[in-house]
Amino acid sequence: MTLQQEIVGNAMQMAVVSLQPGQTVYCEAGKFLFKTTNVTMETRLSGPSNSGGQQGGAGGGMGGLLRQAVGTAMQVGQRALAGESLAFQYFTAQSGEGTVGFAGVLPGEMRALELDGTRAWFAEKDAFVAAESTVDFGIAFQGGRTGRSGGEGFVLEKFTGRGTVIIAGAGNFIDLNPADFGGRIEVDTGCVVAFEDGIRYGVQRVGGLNRQGLMNAVFGGEGLSLATLEGNGRVILQSLTIESLANALKKAQGGDKQGPTGGLFSTHAG
């Protein structure tokens, strides 16, 4: 059953979802806006991969309950380690069609992604807004050297299964395919919103350890690293980074400590 949704607004977009009787959508805690009275709301620690979006999905008596409890604990532990919300809110339409509204937490765009079961999607931390109960939400850790260098790229949200998932970001979105640009693009690490499975994500140093490399890192505003995206697939970038928004707010409040150069002189803790 396809999720009927409409993204409305401009500077701060919202997703208005129409649910058929019995249809369930879930969101990260804090992304819910409104609902009609015939839509039930339930908060759970388990994700849809653990419960299938329904209560009692484990089955198998005590063994099934134990497996469900262990699965829930592992999910909660992953989300806690990643700094994500610990709980999900589930919305189900009863006695006719229902309507639910969701929004992100930053001024910017939203996008509905359609998963057909063949390709996963990866998104930056906190991009997830809502999804059908047939879409599984997970955490992917970009470990090792790439994760330590990439900052925001260390923790990624992963979406698998079939159905609609709604994500949000800051500023305006642009869709690119690295294959259209010689197979590789280099991006500010804070501008990556989401990308399809099959795209290779990495982090590289800005320039070499020479005069120009140091100038790029210290005065260029990008720090020491850039994200690299390679392959053939869809990539979504955002025009506004959380760090630049935070620095603009600090400056407006008279508390800007970044200085005129940006780059390594920024004191934003991210």
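Residues numbered from 1 in each chain as written. Predicted model: local features only at pLDDT ≥ 70, side-chain atom pairs only at ≥ 80, totals over all residues. Heavy atoms only, no water.

## Re the overall build of the protein
Each helix and strand in the protein was counted, giving five helices and 18 strands. Relative to its full complement of 270 residues, the protein shows a buried share of 46%. Taking contacts inside the protein between residues at least 6 apart in sequence as the whole, the part at least 24 apart equals 79%. Carbon and sulfur atoms form 54% of the exposed surface of the protein, whose accessible area is close to 13100 Å². (Helix = DSSP H or I, 4+ residues; strand = E, 2+ residues; numbered from the N terminus. Buried < 20%, exposed > 50% of the residue type's maximum accessible area, 1.4 Å probe, protein only. Contact = heavy atoms within 4.5 Å. Areas by Shrake-Rupley, 256 points an atom, 1.4 Å probe, with all protein chains shown as cover.)

## So, the environment of Glu42
Inspection of the secondary structure assignment puts Glu42 in strand β5 (residues 39–44). Residues Glu42 and Phe88, 46 residues apart in the sequence, show an inter-C-alpha distance of 8.3 Å. Here Arg44 takes part through its side chain, which lies 3.3 Å from a polar atom of the side chain of Glu42. (Polar contact = N/O pair within 3.5 Å; in protein donor to acceptor, adjacent residues only side chain to side chain.)

## What to know about the sheet that holds strand β2 (residues 14–19)
Pairing within the open sheet is antiparallel, and its four strands lie in the order β1-β2-β7-β4. The open sheet has two free edges, formed respectively by β1 (4–8) and β4 (32–35), since each of these has just one partner strand. Averaged over all pairs of adjacent strands, the angle between strand axes in this sheet comes to 20°, irrespective of strand direction. Pairing of β4 with strand β7 (residues 98–103) involves three bridges; the strand directions are antiparallel. Counted as the bridge partner of Phe34 is Gly101 from β7. (Pairing = 2+ DSSP bridges. Axes fitted to C-alpha atoms, helices over the stretch in contact; angles between N-to-C directions.)

## Some thoughts on the confidence of the model for the protein
Overall, the predicted model of the protein reaches an average pLDDT of 80, with 69% of residues at or above 70. Overall, residues 143–153 carries pLDDT values under 50, and its contacts beyond four positions in sequence, including any with other chains, amount to 15 contacts. (pLDDT = per-residue confidence, 0-100.)

## A closer look at the environment of Lys125
Along the chain, Lys125 falls in the loop between β9 (121–124) and β10 (128–132). A C-alpha to C-alpha distance of 9.8 Å links Lys125 and Lys158, two positions 33 residues apart in sequence. Here Asp126 takes part through its side chain, which lies 3.3 Å from a polar atom of the side chain of Lys125.

## A short note on the pairing of β1
Within a regular strand, the side chains alternate between the two sheet faces. When β1 meets β2, the two strands line up antiparallel, connected through five bridges. Opposite Val8, over in β2, you have Met14 as the bridge partner. Adjacent in sequence and paired antiparallel, β1 and β2 are bridged by five residues, among which Gly9 carries a positive phi angle near 95°.

## Focus: the packing of aromatic side chains
What the rule picks out here adds up to twelve aromatic pairs. Considering the side-chain rings of Phe195 and Tyr201, the 5.7 Å spacing of their centres and the 5° angle between planes classify their relative orientation as stacked. This pair shows no difference in class: Phe195 is buried, exactly as Tyr201 is. Taken together, the ring pairs in this structure connect Tyr26, Phe88, Tyr90, Phe128, Phe137 and Phe159 into an aromatic cluster. Geometry around Tyr90 places Arg44 over its ring, the cationic atom sitting 3.9 Å from the centre. (Phe/Tyr/Trp six-rings, centres within 6.5 Å; stacked < 30°, edge-to-face > 60°. Lys NZ or Arg CZ within 6 Å of the ring centre and 35° of its normal.)

## Some points on the side chain of Thr164
Summarising the element assignment, Thr164 is placed in strand β12 (residues 155–168). Setting aside residues up to four positions removed in sequence, Thr164 forms contacts with Leu3, Gln5, Ala112, Leu113, Glu114, Ala130, Ala131, Glu132 and Val135.

## Observations concerning unusual backbone geometry
The phi angle at Ser95 is positive, at roughly 55°, despite the residue not being glycine. Tracing the backbone shows Ser95 in the loop between β6 (88–93) and β7. We note that Asp126 has phi near 75°; this positive angle belongs to a residue other than glycine. Residue placement: Asp126 occurs in the loop between β9 and β10.

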